[in-house]
Amino acid sequence: MNGLTHKLSHIFEHGDHAHIHVKEKPFSNPYFVGIGLGLVLLAAFVIMGRGLGASGALSTAIAVSVSKIAPEHASKNSFYQEYLGDGNTNPLKDWLIFQVIGVLFGGFISGSLSHRVKKGIEKGPRISTKMRLIYAFIGGGLLGWGAKLARGCMSGQALTGGAVLNLGSWIFMMMVFAGGYAAAYFFRRQWI
Amino acid sequence: MSAPFFKFDYFGTDVSLIIAFLIGIAFGIALEKGGFGRATILAAQFYFTNMRVLKVMFTAIITAMLGLFFLSVIGFLDLSLIYLTPTNVMPNLIGGLVAGVGFVIGGYCPGTSIVAVATGKIDAVVYLIGMFFGIFVFGEMFPSIEEFFNSTAMGSVTLPQFFNIPYGVIVFLVVLMAIGAFTAAEWGEKKMANKSLEKKV
Amino acid sequence: MKKFFSNLSAEKKLAMFAIALGIIAVFAGDPYGKNSLKINAKELSLISSDEIGKVKVEDLADDIIKSKSDFRLIDLRKSEEYAKYNIPNSENIQVDQLLNSDLQRNEKIILYSDNDIEATQAWFLLKTNNYKGVNIILGGLNNWKENILFPKCDCGENPTIEQKHKHDKLAAVSKYFGGNIQTNSSEENLVKNEMPQLSAPTGIILKKTLGKKKREGC
C-alpha cells in the first residue's frame with residue numbers, strides 16, 4: 001500500500017517539476033507513528049497537565065490583530081477577550097503559540113530529512129489548481145469556524161480530548177467523521 | 001504523586017514556553033512522518049483508499065489514554081489535574097459537522113496545515129488564510145451566537161462519568177473499538193486497492 | 001504456541017499487547033484513587049505542628065504595606081462577617097468551597113479565620129489534596145485585632161529610643177489599617193474599639209493574575 005501511494009505521488013510531482021533525482025522516502029508505518037504521536041501527547045500531559053492544540057494559537061493571533069486595529073471593538077467582544085487575557089501579560093506569550101511554532105519547525109525538520117519538502121499543491125488529478133485553492137480557502141474557513149464553535153480542532157479536541165475520554169471531544173470527533181464522509185461524495189472530484 | 005510537573009511548580013511559565021516549543025517540534029515531526037502534511041493523504045481517509053489518518057489518530061489516542069490511565073493508577077500522575085475542555089453538546093455537535101465538511105473541502109486541519117506549510121504546500125497557505133478568516137468571522141459573529149455557544153453545557157465530564165461505567169472498562173472498550181476500526185480499515189484499503197487494480201485490467 | 005506468536009506481524013503483536021493492557025485496565029481500579037481521602041492515619045498523626053506553615057501577623061502587615069502580592073490571603077469566615085471587616089487583599093472562601101475554588105496547588109496560600117481552629121482544619125484539607133504552599137495566620141483574626149489594629153503600647157515613663165521606635169512603628173502600622181494604638185492596656189478599650197470601616201480597595205489589586213491561571217484549552 002505504501003509503495004503504491006509512493007509511486008502515485010511520484011508521478012504527480014514529476015508532472016510539476018522537470019527534475020526528480022532525490023527520491024522521497026516513503027512514509028513510516030502508521031501504527032508506529034501513532035505510538036510516537038501518542039507518546040508526545042502523553043509527555044505534554046505529564047509535563048504540563050494539558051494536551052496539544054492548534055486552533056487556539058490561530059485564535060490568539062486573530063484576537064491580537066483585531067485588538068491592534070480596533071482595540072475598542074476587541075475589548076467589548078468576549079471571544080477576543082478570552083484570548084487577550086487581562087492585560088497583565090502579553091497575549092502572544094501563549095503556550096499554544098510556542099507549541100505551534102514548534103510544529104512548524106518540526107514539520108520542516110522531518111520533511112527535510114526525508115526529502116519531502118517540495119513546493120507544490122496537493123490535489124487530485126481531476127481538478128484545476130485554481131479550484132483547489134478556492135476549495136482550500138473555503139474548507140479552511142469552515143473548519144476555523146466549526147472548530148471555534150466546538151472549542152477545539154482535531155489536535156485539541158479529537159486527539160487530546162479523545163485520550164482523556166472527554167465526552168464533548170468524542171462527540172466532536174464522531175461528528176467530524178460524519179460530516180467528512182457525508183460531504184466526501186460531493187467533493188470526490190477534488191481528490192480521486 | 002508528582003505529575004503533571006507544571007502544576008506542582010517544578011518550573012515556571014517562561015520555562016513552560018520553551019517546553020511548548022520542544023513539544024511542538026516533536027508533534028510536528030510525528031505529524032509529518034505520519035504523512036499528515038499531505039492533503040491528498042488526509043482526504044483519502046474519506047474515500048477509503050488510504051486510512052492512515054484513522055490508524056495514526058486512534059493509535060495515538062489509545063497510547064496516550066493507556067499511559068494516562070496506568071500512570072494515574074500507580075499514583076504518579078494526578079488525573080484530576082489534567083485539563084478537560086468543558087462539554088457543550090450542541091456546539092460540539094454542530095461544530096464537529098461543520099469542521100468535518102471543512103476538512104474534506106480543505107483537505108487539512110489546523111495542525112496538519114502548519115506541517116504542510118513547513119513542507120512547501122501552497123494550498124496549505126491558502127487554507128491557513130481561510131482558517132484565519134473563518135475564526136475572524138466567528139469572532140465577529142460571537143455576540144449573536146454567544147448564547148448558543150454556551151448552551152447544553154455539561155461542564156467537564158468524561159465518558160466514564162457520563163455512562164457511569166468504571167474508567168478501566170471504558171479504556172478497554174476504547175481499545176477494542178480502535179482495534180476493530182483498524183481491522184476494518186485494513187480490509188477497506190485492500191478492497192479499494194483490488195478495485196483499482198481491477199479497473200486497470 | 002511460540003511459533004504462532006513469533007509468526008504474527010509486529011502490528012498484530014502490538015494489537016494483542018494493547019488488548020492485554022485494556023483487560024488489565026478493567027481490573028486496575030480507579031485512576032482518581034488518590035482524590036478520595038484514603039489518608040493513612042499513621043501519616044496523619046505524624047504530621048507535626050512544625051510542618052504547618054505559620055505566618056506572623058506583623059510579617060503579614062509588612063507584606064501588605066509593601067504591596068507584596070505573591071500570596072493569596074483567604075478569609076474562611078462566613079460572608080456576612082467578611083463584609084463587616086476583613087484583612088485587606090483577602091478573598092472570602094469558606095472551607096467547604098476550598099476545593100472547588102481556583103486555588104492552585106503551587107501558590108502560596110495564607111488562611112485565616114477568627115482563631116486558629118478553622119484555619120488548621122482548612123490547612124489539613126488542602127494539604128491532603130496536595131496543595132504545597134499552605135500557611136495559616138498564627139492566632140487568626142483575633143491576633144490581628146490585638147496586635148496590628150489595636151496594639152497595646154509599652155508606654156512607660158521614659159521610653160528608650162528603641163521603645164519609642166517600636167511604639168511609633170506599631171502606631172503607624174495600626175493607623176494604616178484603620179485602627180489605633182491603645183494607650184492603656186485595659187480590657188475595656190479593646191472591646192470599645194470599632195472595627196475599621198472597609199474602604200473601597202484603593203489601588204490594591206484584588207484580582208491578581210497568577211501566570212498559571214492561563215487558558216488551557218486548545
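Note that the coordinates shown come from a computational prediction; the quantities given were computed from them, not determined experimentally.

### Considerations on the overall build of chain C
Line of reasoning, step 1. A tally of helices and strands in chain C yields 9 helices and 5 strands.
Line of reasoning, step 2. Ordered by position from N to C terminus, the α and β elements of chain C give α-α-α-β-α-β-α-β-β-α-β-α-α-α.
Line of reasoning, step 3. In chain C, of all internal contacts separated by at least 6 residues, the share reaching a separation of at least 24 is 66%.

### Some points on the overall build of chain A
Line of reasoning, step 1. On a plain count of helices and strands, chain A comes out with 10 helices and 0 strands.
Line of reasoning, step 2. The order of helices and strands in chain A, counted from the N terminus, is α-α-α-α-α-α-α-α-α-α.
Line of reasoning, step 3. Out of the 192 residues in chain A, the part that is buried amounts to 55%.
Line of reasoning, step 4. Taking all contacts inside chain A whose residues are at least 6 apart in sequence as the whole, residues at least 24 apart take part in 55%.

### Observations concerning the interface of chain A and chain C
Line of reasoning, step 1. Every contact between the two is made by 18 residues of chain A and, on the other side, 7 residues of chain C.
Line of reasoning, step 2. When contributions to the side of chain A that touches chain C are tallied by element, the ones reaching two or more residues are helix H3 (55-69) and helix H8 (154-163) of chain A.
Line of reasoning, step 3. It is H8 of chain A that contributes the most residues to the side of chain A that touches chain C, 4 residues altogether.
Line of reasoning, step 4. Along the lines of polarity and charge, the residues of the side of chain A that touches chain C split into 4 nonpolar, 10 polar and 4 charged.

### Some thoughts on the interface of chain A and chain B
Line of reasoning, step 1. Contacts between the two partners involve 112 residues from chain A and, on the opposite side, 113 residues from chain B.
Line of reasoning, step 2. For the side of chain A that touches chain B, the element with the highest residue contribution is helix H2 (residues 30-48) of chain A, accounting for 18 residues.
Line of reasoning, step 3. Taken together, the residues of the side of chain A that touches chain B sort by class into 68 nonpolar, 33 polar and 11 charged.

### Some remarks on the packing of H8 of chain A against helix H9 (residues 167-184) of chain A
Residues and elements named next belong to chain A.
Line of reasoning, step 1. Look at H8 against H9: their axes get within 8 Å of each other, and the N-to-C directions meet at 135°. Regarding the angle of H8 to H9, the classification is oblique. Handedness of the crossing formed by H8 with H9: left-handed. Contact residues: Gln157, Ala158, Gly161 and Gly162 in H8; Gly168, Ser169, Trp170, Phe172, Met173 and Val176 in H9.
Line of reasoning, step 2. When the residues that make up the contact of H8 with H9 are grouped by side-chain class, the tally is 5 nonpolar, 5 polar and no charged.

### Notes on the confidence of the model for chain A
Residues and elements named next belong to chain A.
Line of reasoning, step 1. Within chain A, residue pLDDT values average 84, and 87% of them lie at 70 or more.
Line of reasoning, step 2. The least confident element of chain A, judged by mean pLDDT, is helix H1 (residues 2-16) at 49; the most confident is H9 at 94.
Line of reasoning, step 3. In this model residues 11-21 is a low-confidence stretch, pLDDT under 50, and it forms 5 contacts with partners more than four residues away in sequence or in other chains.

### Section: the environment of Leu71 of chain B
Line of reasoning, step 1. Tracing the backbone shows Leu71 of chain B in helix H3 (residues 52-73).
Line of reasoning, step 2. Placed 68 residues apart in sequence, Leu71 of chain B and Ala3 of chain B show a C-alpha to C-alpha distance of 9.1 Å.
Line of reasoning, step 3. Non-local contacts of Leu71 of chain B, meaning those with residues more than four positions away in its chain, are made with Val46 of chain A together with Ala3, Phe76 and Leu77 of chain B.

### What to know about the environment of Lys55 of chain B
Line of reasoning, step 1. With respect to the helices, strands and loops of the structure, Lys55 of chain B is situated in helix H3.
Line of reasoning, step 2. For Lys55 of chain B, a count of 24 C-beta atoms within 10 Å corresponds to the buried category.
Line of reasoning, step 3. Counting along the chain gives 35 residues from Lys55 of chain B to Met90 of chain B, while the straight-line C-alpha distance between them is 27 Å.
Line of reasoning, step 4. Sequence-distant contacts of Lys55 of chain B, defined by excluding residues within four places in its chain, comprise Pro30, Tyr31 and Gly34 of chain A together with Phe182 and Ala185 of chain B.

### What to know about unusual backbone geometry
Line of reasoning, step 1. Here Asn164 of chain B, not a glycine, exhibits a phi torsion of approximately 55°, which is positive.
Line of reasoning, step 2. By secondary structure assignment, the location of Asn164 of chain B is in the loop between helix H7 (159-163) and helix H8 (167-200).
Line of reasoning, step 3. Located in the positive-phi region is Asn89 of chain C, a residue other than glycine, with phi close to 75°.
Line of reasoning, step 4. Summarising the element assignment, Asn89 of chain C is placed in the loop between helix H5 (79-84) and strand S3 (90-92).

### Quick word on the packing of helix H6 (residues 95-113) of chain A against helix H1 (residues 13-33) of chain B
Line of reasoning, step 1. Relative orientation of the contacting elements H6 of chain A and H1 of chain B amounts to 40°, with a least axis distance of 6 Å. One finds that H6 of chain A runs oblique with respect to H1 of chain B. Crossing geometry of H6 of chain A relative to H1 of chain B is assigned as right-handed.

### Details of helix H4 (residues 57-65) of chain C
All names here are of chain C.
Line of reasoning, step 1. Listed in full, the buried residues belonging to H4 are Val57, Leu60, Ala61 and Ile64. Down the axis of H4, the buried side of the element spans an arc of 100°, and every buried residue falls inside it.
Line of reasoning, step 2. Each element contacted by the buried residues of H4 is listed here: strand S1 (53-55), strand S4 (108-112), strand S5 (134-137), helix H7 (140-149) and helix H8 (161-176).
Line of reasoning, step 3. Looking one or two places after H4, you find Ser67, whose phi comes out positive at around 60°.

### Quick notes on the pairing of S5 of chain C
All names here are of chain C.
Line of reasoning, step 1. By the bridge criterion, 3 bridges tie S1 to S5 in an arrangement that is parallel. By the bridge assignment for S5, Gly53 is matched with Asn135.
Line of reasoning, step 2. Strand direction decides the pairing type here: S4 and S5, joined by 3 bridges, are parallel. Across the sheet, Ile110 pairs through a bridge with Asn135, a residue of S5.

### Some points on the nonpolar core
A general trend in soluble globular proteins is that nonpolar side chains are found buried together.
Line of reasoning, step 1. Counting 128 residues, the largest nonpolar core has Leu41 of chain A together with Met65, Leu68 and Val171 of chain B as its most contacted members.
Line of reasoning, step 2. Residue contributions to this core peak at 13 residues, all from H3 of chain B.
Line of reasoning, step 3. One finds Ile87, Ala119, Leu141 and Phe150 of chain C within the second-largest nonpolar core, a separate group that totals 28 residues.

### A short note on the pairing of S4 of chain C
All names here are of chain C.
Line of reasoning, step 1. For S4, the tally of buried residues reaches 4 of 5 residues, placing the bulk of the element in the interior.
Line of reasoning, step 2. By the bridge criterion, 5 bridges tie strand S2 (residues 71-75) to S4 in an arrangement that is parallel. Looking at S4, one finds that Asp75 is bridged to Tyr112.
Line of reasoning, step 3. In this region the chain leaves S4, passes through helix H6 (residues 116-128) and returns to the parallel neighbour S5; the handedness of that crossover is right-handed.

### Here we look at helix H6 (residues 122-149) of chain B
Three or four residues apart is the spacing at which side chains of an α-helix point the same way, because the helix has 3.6 residues per turn.
Line of reasoning, step 1. A rise of 1.5 Å per residue sets the reference length of H6 of chain B, with its 28 residues, at 40 Å; its end C-alpha atoms lie only 33 Å apart and thus fall more than 12% short of the reference.
Line of reasoning, step 2. At Pro143 of chain B, H6 of chain B shows its largest bend, some 80°.

### Looking at the sheet that holds S5 of chain C
Residues and elements named next belong to chain C.
Line of reasoning, step 1. Strand order in the open sheet made by the 5 strands is S1-S5-S4-S2-S3, with parallel pairing throughout. Two strands close off the open sheet at either side, each with one partner strand: S1 and S3. Sheet twist, expressed as the mean angle between neighbouring strand axes with direction ignored, is 35°.
Line of reasoning, step 2. Relative to S3, S2 is paired through 3 bridges, and the arrangement is parallel. From the neighbouring strand, Leu73 faces S3, where its bridge partner is Ser90.
Line of reasoning, step 3. Its contacts with the sheet put H6 on S4 and S5, and the angle it makes with S5 is roughly 180°.

Scoring rules and cut-offs
- Each chain carries its own residue numbering, running from 1 in the direction its sequence is written.
- For naming, the first written chain is A and the first written ligand is 1, with later ones following in the order written.
- With pLDDT at 70 or above as the cut-off, local features in this predicted model cover only qualifying residues; side-chain atom pairs require 80 or more to be listed or tallied, and sums for whole chains, interfaces and linings still use all residues.
- Strands are runs of DSSP state E lasting at least two residues, helices are runs of H or I lasting at least four, and both sets are numbered from the N terminus onward.
- In this description, any two residues whose backbone-derived C-beta atoms lie within 7 Å of each other are considered to be in contact.
- For every residue, the other C-beta atoms within 10 Å of its own C-beta are counted; 20 or more classify it as buried, 12 or fewer as exposed, and values in between as partly exposed. C-beta atoms are placed from the backbone.
- Gly counts as polar in this scheme, as do all residues outside two lists: the nonpolar Ala, Val, Leu, Ile, Met, Phe, Trp, Tyr, Cys and Pro, and the charged Asp, Glu, Lys and Arg.
- Here the axes come from fitting lines to C-alpha atoms, over the contacting stretch only for helices, and the angles between their N-to-C directions go from 0 to 180 degrees.
- Roughly parallel here means an angle under 35 degrees, roughly antiparallel means over 145, roughly perpendicular means 65 to 115, and every remaining angle is called oblique.
- Crossing handedness is read from the near helix: turned anticlockwise from the far helix by less than a right angle, it gives a left-handed crossing, and turned clockwise, a right-handed one.
- Note: pLDDT gives the predictor's confidence per residue, expressed from 0 to 100.
- The arc in question is the one spanned by the directions pointing from the helix axis to the C-beta atoms.
- Strands are treated as partners if at least two bridges between them are detected by DSSP.
- Here, a nonpolar core denotes buried Ala, Val, Leu, Ile, Met, Phe, Trp, Tyr and Cys residues that are linked to one another through C-beta atoms within 7 Å.
- Crossover handedness is defined here as right-handed if the route from the first strand over the helix to the second strand goes clockwise, with the strands pointing away from the viewer.
- Expected span, for any helix, means 1.5 Å times one less than how many residues it has.
- A residue's bend is simply the angle between two axes: one fitted to the seven residues ending at it, one to the seven starting at it.

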